[in-house]
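Okay, here's what each chain looks like letter by letter:
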Amino acid sequence: MTDHAPIIEIRNVTKRFGKVAAVDDVSLDIRRGEFFVLLGPSGCGKTTLLRMIAGFELPTSGQILIDGQDMAGIPPNKRPVNMVFQSYAVFPHMNVAENVGYGLKIAGVGRAERDERVREALSLVKLDGFAERRPDQMSGGQRQRVALARSLVMRPKVLLLDEPLSALDAKLRAQMQFELSDLQDQVGITFVTVTHDQDEALSMASRIAVISKGEVAQLASPSDLYEFPANRFVADFVGSVNIFEGKLILDEPDKAAVDCPGLGKVYLNHGVTGPHGADVWVALRPEKMYLHVPGEGKAVRAAAQDAPEGYNFARGVIKGMSYLGDITLFEIRLDSGAMIRASRPNLSRHDQEDFTWDDRVSMHWRADSPVVLLG
Amino acid sequence: MPLFARTARAPLEYTRTLWMRGWVGAVMLFLYLPLIVLMAFSFNDSKRNVVWRGFTTKYYAKAWENDQLWGAMVNSLTIAAFATIFSLIIGSLAAVMLWRFRFPLKGAVDGTISLPIIVPEICLGVAFLVFFSTIGWPTGLVWPFNLGAIIIAHITFCFPFVAMVVRARLATFNREQEEAAKDLGAGEWQAFRDVLIPHIKPALVSGALLAFTLSLDDFVITFFTSTPGTDTFPVLVYSLVKRGVTPDINAASTILILLTVALTAVALKLQGAKALAGTHS
């Protein structure tokens, strides 16, 4: 077994509950030492997949290998993985040290070594001095750290986390995102996390598998997932996006163009290798739009810098605005009647005053911003 | 000390109104006056329990020396102890089975398990009488084996109560805790012992209390299943009362009351300490 081999191999795994396939023929490899995230809406099968790795559900068909070993017929208590549960599942009748030491006690580790490892684990999750505390005297965040320590103390090959941050408030969640990443760097264990929160996934993951209806919709790094979504589901689920239907009117190795009835003509500075005249979709992120005051011709000139005249340019009326502090989000009704969302960073304190409701506005976007989606 | 008019009464402070205090007092009196009279008359210096004739403790001494009363008391406590232990085991296992597993006829089992609670005691009593005489249950065994029939009958009507209490507690169990234990290496039995049992402990304590007191004061079913020499305290008291209530019965009853109250207090205290630490998940 080399270090390059994946730590977890999922091969054609299907899980049916009655007639419904919760997980449908999924194959993916999870690399040694990575922070892998299974991202998807609720009910997409991501938790089922995680529970199959842990051994709490058995695949209807297919194979799961952990560190090269087939897990078929191996119960949860014999697998080299540990899990942090969504409810944390800290044992309420044991104190923190007893909780963290439980697995070691079951494994028959001696008292002295156990105490030492429990202390190390508690210090790893920054709970030094909490050993005698009882779970009902702790906050949700602290209980989660107990659950983390309890799993990490077992030195698993893979740590599984089921919606680890969903029960925490926003500030604590942001802090724990960083801490989990740091922790993973520190211990070097492969983390596999399930979440429905795209921010969580983007900020922590080394790679993300987006799951939709039991299938992998896309497997990519966070930035690839965001900037180069493979299909409409991923584009829409990860981040906010405008999607327009159109026809592919030009497709060459170094350029392509799509005619969208809703948005106008869109020019791209790369090819898309789709059939000519095909129905495609153009995805355009709100933050990739530049807004201008109309009549000055600035939008037209800016668009013309990297696209032919008449491309990558639109006009409309502001119908909705939400000021979010760092950015302002605009809902604009284009002259075609279609709605589009655009955001604008508030680089100076008075930027939000530039536009208001019912103002006419022009916009342009760069030739490398739109993504053409074939499915 | 002025009782009222210190501060305005808050909307939910009902206990600060006079009529509410009076009502509560009346209810308490209604509930406990007979018991108080029973206890008071155990100190009555008279052969007949009608008129107060002065204080004495001689009937406690008399009860103490009454072998018949002693025998009945020991029988009652022995039966209650066995019935409690077996009801606890059978009842909690039944509760776990119904909560945990799916099996054929589960609905039927679920429905019939609490039947002994619903069926009138007199019917159960007659049923046991007929059953034990039909199968020819051996009589004349040495103590404590001569209590076997009564113990079996008591287990039958006690364990559904245990099952009921334990099941209510199981409904609040977070299954992820059991999974967490297994995830950390625990086998089926270890997870049961280390996670599930501690969770249902308060229910086990109250179930045991329930079974013990139910068994201790049962008259009807015991009456039908008892044979010569197996009189329990309630059955004996019944037979004695036919000849008139004497203060030594009062004395023995008072001791029994104090015993059960003390036992309950101890159990509740034990359970309370555990429950405080164990109910949050």
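Just so it is clear, the structure is predicted and the values come from calculations on it, not from any experiment. (Residues numbered from 1 in each chain as written. Chains lettered and ligands numbered in written order. Predicted model: local features only at pLDDT ≥ 70, side-chain atom pairs only at ≥ 80, totals over all residues.)

Enquirer: How do you make sense of the overall build of chain B when you look at a structure like this?
Expert: Secondary structure assignment for chain B yields 12 helices and zero strands. The order of helices and strands in chain B, counted from the N terminus, is α-α-α-α-α-α-α-α-α-α-α-α. What you see for chain B is a C-alpha radius of gyration of 24 Å, clearly larger than the 19 Å of a compact globule of 281 residues, by over 25%. Along the longest, intermediate and shortest principal axes, the C-alpha atoms of chain B span 70 × 70 × 30 Å. Among the 281 residues that make up chain B, the fraction classed as buried is 31%. Summarising the internal contacts of chain B: among those between residues at least 6 apart in sequence, 79% fall at separations of at least 24. (Helix = DSSP H or I, 4+ residues; strand = E, 2+ residues; numbered from the N terminus. Rg over C-alpha atoms; globule rule 2.2 N^0.38 Å. Buried ≥ 20, exposed ≤ 12 C-beta atoms within 10 Å, placed from the backbone. Contact = placed C-beta atoms within 7 Å.)

Enquirer: Help me out: how do you make sense of the overall build of chain A in this one?
Expert: Looking only at helices and strands, chain A has nine helices and 20 strands in total. Seen through its principal axes, chain A has C-alpha atoms that stretch 80 × 50 × 40 Å. Looking at chain A as a whole, 43% of its 375 residues are labelled buried. For chain A, the proportion of contacts with a sequence separation of at least 24, taken over those separated by at least 6, is 62%.

Enquirer: Sorry, what's going on with the interface of chain B and chain A here?
Expert: Note on interface size: it is often stated as the accessible area lost on association of the parts. Facing 18 residues of chain B, the contacting portion of chain A comprises 21 residues. Within the residue set of the side of chain B that touches chain A, elements represented by two or more residues are helix 8 (175-183), helix 9 (188-216) and helix 12 (247-278) of chain B. Looking at the side of chain B that touches chain A residue by residue, the class counts come to six nonpolar, eight polar and four charged. (Nonpolar A, V, L, I, M, F, W, Y, C, P; charged D, E, K, R; others polar.)

Enquirer: Please explain the pairing of strand 6 (residues 81-84) of chain A as it appears in this structure.
Expert: A regular strand carries its side chains on alternate faces of the sheet. Residues and elements named next belong to chain A. Taking every second residue as pointing to the same face, both faces of strand 6 are buried, with Val 81 and Met 83 on one and Asn 82 and Val 84 on the other. In the sheet, strand 6 pairs with strand 7 (residues 158-162) via four bridges, with the strands oriented parallel. Note that in strand 7 the partner of Val 84 across the bridge is Leu 161. (Pairing = 2+ DSSP bridges.)

Enquirer: When you look at the environment of Leu 147 of chain B in this model, what are you seeing that I'm missing?
Expert: All names here are of chain B. Counting through the fold element by element, Leu 147 comes out in the loop between helix 6 (121-134) and helix 7 (148-170). Residue Leu 147 is classed as buried on the basis of its C-beta count, with 23 C-beta atoms lying within 10 Å. Sequence spacing of Leu 147 and Thr 7 is 140 residues, and the spatial spacing of their C-alpha atoms is 61 Å.

Enquirer: Before we go on, may I ask you to explain unusual backbone geometry in this structure?
Expert: As a rule of thumb, non-glycine residues mostly have phi less than zero, and peptide bonds are mostly trans rather than cis. For the bond running from Trp 143 of chain B to Pro 144 of chain B, omega is 0 degrees, close enough to zero to count as cis. Along the chain, Pro 144 of chain B turns up in the loop between helix 6 and helix 7. A positive phi is found at Asp 25 of chain A, a non-glycine position, where the angle reads about 50 degrees. Here Asp 25 of chain A lies in strand 2 (residues 20-30). Of note, Ala 89 of chain A is a non-glycine position whose phi angle comes to about 50 degrees, a positive value. Mapped onto the secondary structure, Ala 89 of chain A falls in the loop between strand 6 and helix 2 (96-106).

Enquirer: Looking at this model, I keep getting lost on the sheet that holds strand 13 (residues 264-268) of chain A. Mind explaining?
Expert: Strand pairing in a sheet relies on backbone hydrogen bonds, with the paired strands running either antiparallel or parallel. All names here are of chain A. Spatially, the five strands line up as an open sheet ordered 13-12-11-14-20, and their pairing is antiparallel. The open sheet has two free edges, formed respectively by strand 13 and strand 20 (371-373), since each of these has just one partner strand. Pairwise comparison of adjacent strand axes, ignoring direction, gives a mean angle of 40 degrees for this sheet. Judged from the three bridges that link them, strand 14 (residues 279-284) and strand 20 form a sheet pairing that is antiparallel. Following the sheet pairing, Ala 283 is matched in strand 20 by Val 371. (Axes fitted to C-alpha atoms, helices over the stretch in contact; angles between N-to-C directions.)

Enquirer: When you look at the packing of helix 7 of chain B against helix 9 of chain B in this model, what are you seeing that I'm missing?
Expert: If you want to describe how two helices pack, look at the angle between their axes and the distance between the axes. Residues and elements named next belong to chain B. Helix 9 packs onto helix 7 with a crossing angle of 155 degrees between their chain directions and a minimal axis gap of 9 Å. Judged on the interaxial angle alone, helix 9 and helix 7 are roughly antiparallel. Relative to helix 9, the crossing made by helix 7 is right-handed. Every residue of helix 9 that contacts helix 7 at His 154, Cys 158, Phe 161, Val 162, Val 165, Val 166, Ala 168, Arg 169 and Leu 170 is listed here: Ile 200, Pro 202, Ala 203, Leu 204, Ser 206, Gly 207, Leu 210, Ala 211, Leu 214 and Ser 215. Here the residues of the contact of helix 7 with helix 9 are counted per class, giving 14 nonpolar, four polar and one charged. (Parallel < 35°, antiparallel > 145°, perpendicular 65-115°, else oblique. Left-handed = near helix turned anticlockwise from the far one by under 90°.)

Enquirer: So what exactly am I meant to see when it comes to the packing of helix 8 of chain B against helix 9 of chain B here?
Expert: Residue and element names in this part refer to chain B. Interaxial distance between helix 8 and helix 9 falls to 9 Å at its minimum, and their mutual angle equals 135 degrees. By the angle between their axes, helix 8 is oblique relative to helix 9. For the crossing formed where helix 8 meets helix 9, the hand is right-handed. Contacts between helix 8 and helix 9 pair Gln 177, Glu 178, Ala 181 and Lys 182 from the former with Gln 190, Ala 191, Asp 194, Val 195 and Leu 196 from the latter. Across the contact of helix 8 with helix 9, the residue classes tally to four nonpolar, two polar and three charged.

Enquirer: Sorry, what's going on with the environment of Pro 144 of chain B here?
Expert: The class for Pro 144 of chain B is partly exposed, based on 15 C-beta atoms found within 10 Å. Pro 144 of chain B sits 86 residues away from Thr 230 of chain B along the chain, and the two C-alpha atoms are 9.1 Å apart.

Enquirer: How should I be thinking about the environment of Arg 53 of chain B in this particular structure?
Expert: Among the structural elements, Arg 53 of chain B can be located in the loop between helix 1 (18-41) and helix 2 (58-65). With 212 residues separating them along the chain, Arg 53 of chain B and Ala 265 of chain B place their C-alpha atoms 34 Å apart.

Enquirer: Can you help me understand the sheet that holds strand 9 (residues 207-212) of chain A in this one?
Expert: All names here are of chain A. The strand order across the open sheet built from six strands is 6-7-8-3-9-10, with neighbouring strands paired in mixed fashion. The open sheet has two free edges, formed respectively by strand 6 and strand 10 (215-220), since each of these has just one partner strand. For this sheet the average axis-to-axis angle between neighbouring strands, irrespective of direction, equals 20 degrees. For strand 7 and strand 8 (residues 190-195), the ladder comprises five bridges, and the chain directions are parallel. Bridging across to strand 8, Leu 160 finds its partner in Val 192.

Enquirer: Help me understand the confidence of the model for chain B, please; the structure alone is not making it clear to me.
Expert: A low pLDDT score tells you not to read the predicted coordinates there in detail. All names here are of chain B. With 94% of its residues at a pLDDT of 70 or more, chain B has an overall mean of 87. Across chain B, element-level confidence peaks in helix 8 with a mean pLDDT of 95 and bottoms out in helix 12 with 75. Scoring of the predicted complex yields 0.81 for pTM and 0.84 for ipTM. (pLDDT = per-residue confidence, 0-100.)

Enquirer: Got a minute to help me understand the pairing of strand 13 of chain A in this structure?
Expert: Residues and elements named next belong to chain A. Of all five residues in strand 13, four are buried, a share of seventy percent or more. Bridging between strand 12 (residues 255-260) and strand 13 involves five bridges; their strand directions are antiparallel. Bridge pairing in strand 13 places Cys 260 opposite Gly 264.

Enquirer: Whenever I open this one, the nonpolar core confuses me. Can you help?
Expert: As a rule of thumb, soluble globular proteins bury nonpolar side chains together. One finds Ile 53, Leu 160, Val 210 and Val 282 of chain A to be the most contacted residues of the largest nonpolar core, which totals 147 residues. In this view, Val 282 of chain A contacts Phe 244, Gly 246, Val 258, Cys 260, Leu 263, Val 266, Pro 370 and Val 372 of chain A; residues no more than four positions away in its chain are not counted. If you look at the next biggest cluster of nonpolar residues, it comprises 10 residues, including Ala 72, Phe 233, Leu 236 and Ala 251 of chain B. (Core = buried A, V, L, I, M, F, W, Y, C linked by C-beta atoms within 7 Å.)

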